[in-house]
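# Reading the structure
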Amino acid sequence: MKKRTFVVGIDGGGTKTAAELCNDRGEVMVTAQGGPSNFQVIGVARTSEVLLRVVQSCCSKAGIPVTSLRAIVVGLTGAGRSSDQRTMKSGLRRLAKSSGVQLPRTVIQSDATIALEGAFSGEAGIIAIVGTGSIAFGKDENGTLFRVGGWGRIIGDEGSGYSIGREGLRAVARELDGGHLTTKLTKLFARRFGLKSQKEIIHQLYQKNFDVASLAPLVLRGAQERDKVALEIVKQSANELVSTIDVLIRKMKRSGEISLRKIPLAFVGTLGITESVYLTALRNDIRRLPSVVLRRPDWPPVHGASLIALSLVEKGLLNR
């Protein structure tokens, strides 16, 4: 009798971790949720605890032992490099061993990889992840992966929440310095976060590690209320992100392995799925790229992880 296949897919990010257990038909049997699992921020040990907990929770809900799993695929924020993937995998296995848990074959991927897989059910396409950071990620018809962006907030993350918040803060700083442009953002930032003077802004930024991306919703609110400065920030941010996508398209076409007349494109991430003046600007700006067609993702990133797990088990490509 053929042994049933069960896999767990996990999407781990900076605020929460989503997990699901699927059967061999790709049907989601149970789901589980845990706390943040960005190992670049909270460390390998704490991330491993979160991951092991959601795996055990899925199996408990499904009424099967962990040993019944054939594979686990984890997509993590900040896990784009193979060295980081190995480090995270080793940490998870150490914790499992010390906890007396025998894990199945486990693969660590980047969050972009699982998001892309879920968006187009494994087929060719492009995703633009637009959250705190940003990256454009694509796959051609041969399965070759391409990426543009993802350089982080210091030199990259064009069109991201961090970038939008930073530009809003710059505009406020210019007004406080006596610049000729006034903006509603100055009052919005002061009312919401107490950022009403140079002293307070510098203190929060450089001593309290203020979350600059948390200002992005206020910039979008200002734009919604027709503030000229906020509207310009939104317009420029959309332009920068679409330019990043354009670079990715040209990179994919140079490879010669993409024959689609229209390449499907999906936005993912908080700013990419939440209706706002910014998402409207992105949709409008994307029209200048005639070789793509905008569509909704087929599945969320966590199911993309499950699809990868099922595919690798079927092809026998998983290594312990």
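One can find the structure itself at the top, above this paragraph.
Residues numbered from 1 in each chain as written. Predicted model: local features only at pLDDT ≥ 70, side-chain atom pairs only at ≥ 80, totals over all residues. Heavy atoms only, no water.

## Describing the packing of aromatic side chains
One pass over the full model with this rule turns up one aromatic pair. The interplanar angle of 85° and the centroid separation of 5.2 Å between the aromatic rings of F193 and F210 together place this pair among those described as edge-to-face. Of the two residues, F193 is situated in helix α6 (residues 185–193) and F210 in the loop between α7 (198–206) and α8 (216–224); the sequence distance between them amounts to 17 residues. By relative accessible area, F210 is classed as buried at 14%. Seen from the ring of F193, R192 lies directly overhead, with NZ or CZ sitting 4.5 Å from the centre. (Phe/Tyr/Trp six-rings, centres within 6.5 Å; stacked < 30°, edge-to-face > 60°. Helix = DSSP H or I, 4+ residues; strand = E, 2+ residues; numbered from the N terminus. Buried < 20%, exposed > 50% of the residue type's maximum accessible area, 1.4 Å probe, protein only. Lys NZ or Arg CZ within 6 Å of the ring centre and 35° of its normal.)

## Some details on the sheet that holds strand β10 (residues 292–294)
If you walk across this open sheet you meet the five strands as β8-β7-β6-β9-β10, and the pairing is mixed. The sheet is open, and its two edges are formed by β8 (145–149) and β10, each paired on a single side. Averaged over all adjacent pairs, the angle separating strand axes in this sheet is 25°, with direction ignored. Those strands touched by helix α9 (residues 228–254) are β6 (125–130), β7 (134–139), β8, β9 (263–268) and β10, and its axis lies near 150° from that of β8. (Pairing = 2+ DSSP bridges. Axes fitted to C-alpha atoms, helices over the stretch in contact; angles between N-to-C directions. Contact = heavy atoms within 4.5 Å.)

## A closer look at the pairing of β7
Taking burial as the measure, the six residues of β7 include six buried ones, the bulk of the element. Of the two faces of β7, the one holding S134, A136 and G138 and the one holding I135, F137 and K139 are both buried throughout. Pairing of β6 with β7 involves six bridges; the strand directions are antiparallel. Paired with I129 across the bridge in β7 is I135. Taken together, β6 and the strand that follows it, β7, pair antiparallel across an intervening segment of three residues. Relative to β8, β7 runs antiparallel, the two sharing five bridges. Among the inter-strand pairings, G138 is bridged to a residue of β8, identified as F146. The antiparallel pairing of β7 with β8 creates a hairpin that spans five residues between the two strands, and G143 there sits at a positive phi of about 90°.

## Some points on the side chain of T183
In this fold, T183 is placed in the loop between α5 (161–176) and α6. Within the structure, the side chain of T183 is placed 3.1 Å from the backbone nitrogen of L185, a separation counted as a polar contact. A distance of 2.9 Å separates the side chain of T183 from the side chain of D227, its partner in a polar contact. Those residues within four positions of T183 in sequence are excluded, and the remaining contacts are A171, E175, D227 and V229. (Polar contact = N/O pair within 3.5 Å; in protein donor to acceptor, adjacent residues only side chain to side chain.)

## Here's the deal with the side chain of T244
Tracing the backbone through its elements, the reader meets T244 in helix α9. For T244, a relative accessible area of 11% translates into the label buried. For T244, the residues in contact, after removing those within four places along its chain, are A136, V148 and E158.

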